[in-house]
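Coordinates in review
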Amino acid sequence: MTKIIGLTGGIGSGKSTIAAYFKKRGIPVYIADEEAKKLMNTPEVIKKVQTVFDENIIENNQLNRKKIAELVFSSPEQLKKLNSIVHPEVRKHFTDWVEKYKDRPFVIKEAAILFESGTFKDCDKIILVTAPEDVKIDRVMKRDKVSKGQVLERMKNQWSDEKKIPLSDYVIQNIDLETAIKKTEEILKELNKM
Ligand code: ATP
């Protein structure tokens, strides 16, 4: 069976950078956020999501995410219904993707909220990317041209590294990129031995 290696890390930790490196090294990498966004814009899923709401939530043939967020914010019932539609779709999409690589010993699933969503339980091993808080904030401010307050706002819904570290099999401290890549290579060696 192809093993699932979860790759996660807080905002600005550099998990996308590490994911890109794994990809460069020939490992199949599934970027959960990107795939979910694409999936949510397929006509079939759009149609199913509309059935949850009386209000029109389609705009220019796409889901109006802001409106959906507003609606479910005030209705736990609708949130539950929405999740019961979206979650199985997302799960199936990932399972189908893994199936394509059934001859590989392992694939990587990069997800920002691997722990928070509970999907870490479906992984055989977990790699956590970390960096000090101030470094992460600096990176995101520069990358997204946003204020410190905006970064902190996004961070507050994520678990702390202290909480994630004991649940992880490998930790990549990503301050200096060269050191982080060296660690990534060590992990690759370990994964190849599995
Ligand atoms: P998010 O969850 O917000 O998508 P992320 O964890 O995927 O963040 P990246 O996008 O990989 O993080 O990295 C954040 C920014 O920091 C990027 O602009 C990236 O180029 C830069 N970066 C990543 N690692 C390093 C490093 N070791 N040294 C300097 N800059 C880095």
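Residues numbered from 1 in each chain as written. Predicted model: local features only at pLDDT ≥ 70, side-chain atom pairs only at ≥ 80, totals over all residues. Heavy atoms only, no water.

Quick note on the threshold: UniProt positions are given in the numbering used here, feature names are shortened, and annotations may be inferred rather than shown by experiment.
An unreviewed UniProt entry lists the chain under the name Dephospho-CoA kinase, from Flavobacterium suncheonense GH29-5 = DSM 17707. Quoted verbatim from the Catalytic activity (unreviewed entry) field of UniProt, the annotation for the chain is "3'-dephospho-CoA + ATP = ADP + CoA + H(+)".

1. With respect to the site of the ligand
Which entries qualify depends on this criterion: It suffices for a single heavy atom of a residue to lie within 4 Å of a molecule or strand for the residue to be listed as near it. Counted as a polar contact is a pair of N or O atoms within 3.5 Å, where, for protein atoms, one must be capable of donating a hydrogen and the other of accepting one, and residues adjacent in sequence contribute only when both atoms are in side chains. For accessible areas, the Shrake-Rupley method is used with a probe of radius 1.4 Å. Any residue's cover is judged against the shown protein chains and nothing else. The nonpolar class holds Ala, Val, Leu, Ile, Met, Phe, Trp, Tyr, Cys and Pro. Asp, Glu, Lys and Arg form the charged class, and all remaining residues, Gly among them, are polar.
Within the structure, the ligand sits among 14 residues, and Lys 15, Ser 16, Thr 17, Arg 143 and Asn 174 are positioned closest to it. A distance of 3.4 Å is found between an oxygen atom of the ligand and a backbone nitrogen or oxygen belonging to Gly 10. The separation between an oxygen atom of the ligand and a polar main-chain atom of Gly 12 is 3.1 Å. Contact with the protein chains covers 70% of the free accessible surface of the ligand, which is 630 Å². Of the residues belonging to the shell around the ligand, the class tally is 3 nonpolar, 7 polar and 4 charged.

2. A look at the UniProt feature "binding site: ATP" (unreviewed entry) in the chain
The line we're drawing: Each helix is a run of H or I in the DSSP string that is no shorter than four residues. Each strand is a run of E no shorter than two, and both are numbered from the N terminus. Only heavy atoms enter the contact rule, under which two residues are in contact if any of them lie within 4.5 Å.
Here the UniProt-annotated "binding site: ATP" (unreviewed entry) positions come out as Gly 12, Ser 13, Gly 14, Lys 15, Ser 16 and Thr 17. Looking at the secondary structure, you find Ser 13 in the loop between strand S1 (3–9) and helix H1 (15–24). In this structure, Ser 13 is in contact with Val 129, Thr 130, Ala 131, Lys 136, Arg 139 and Asn 174, ignoring residues within four places of it in sequence. Separated by 2.7 Å, the side chain of Ser 13 and the backbone oxygen of Gly 10 make a polar contact. With respect to the helices, strands and loops of the structure, Ser 16 is situated in helix H1.

3. Here we look at the packing of aromatic side chains
Keep this limit in mind: Two rings belonging to Phe, Tyr or Trp (six-membered ring only in the last case) form a pair when the distance between their centres is within 6.5 Å. Interplanar angles under 30 degrees mark stacking, angles over 60 mark edge-to-face geometry, and anything in between is tilted. Under the scheme applied here, a residue whose accessible area is under 20% of the maximum for its type counts as buried, over 50% as exposed, and between as partly exposed, the area being computed with a 1.4 Å probe on protein chains only. Consider the ring centre and the ring normal. A charge sits over the ring if Lys NZ or Arg CZ is within 6 Å of that centre and within 35 degrees of that normal.
This structure, assessed with the given rule, holds 6 aromatic pairs. For the ring pair Tyr 30 and Trp 97, a centre distance of 5.1 Å and an interplane angle of 55° mean the geometry is tilted. Of the two residues, Tyr 30 sits in strand S2 (residues 29–31) while Trp 97 sits in helix H5 (residues 76–100), which places them 67 residues apart along the sequence. Looking at Tyr 30, the relative accessible area reads 3%, which means it is buried. The class of Trp 97 is buried, set by a relative accessible area of 10%. Clustering of aromatic rings is evident, with ring pairs tying together Tyr 30, Phe 94, Trp 97 and Tyr 101. For Lys 109, the ring lying beneath its charged end belongs to Phe 94, and the centroid distance is 4.3 Å. The positively charged end of Lys 163 is found above the aromatic ring belonging to Trp 159, 4.0 Å away from the centroid.

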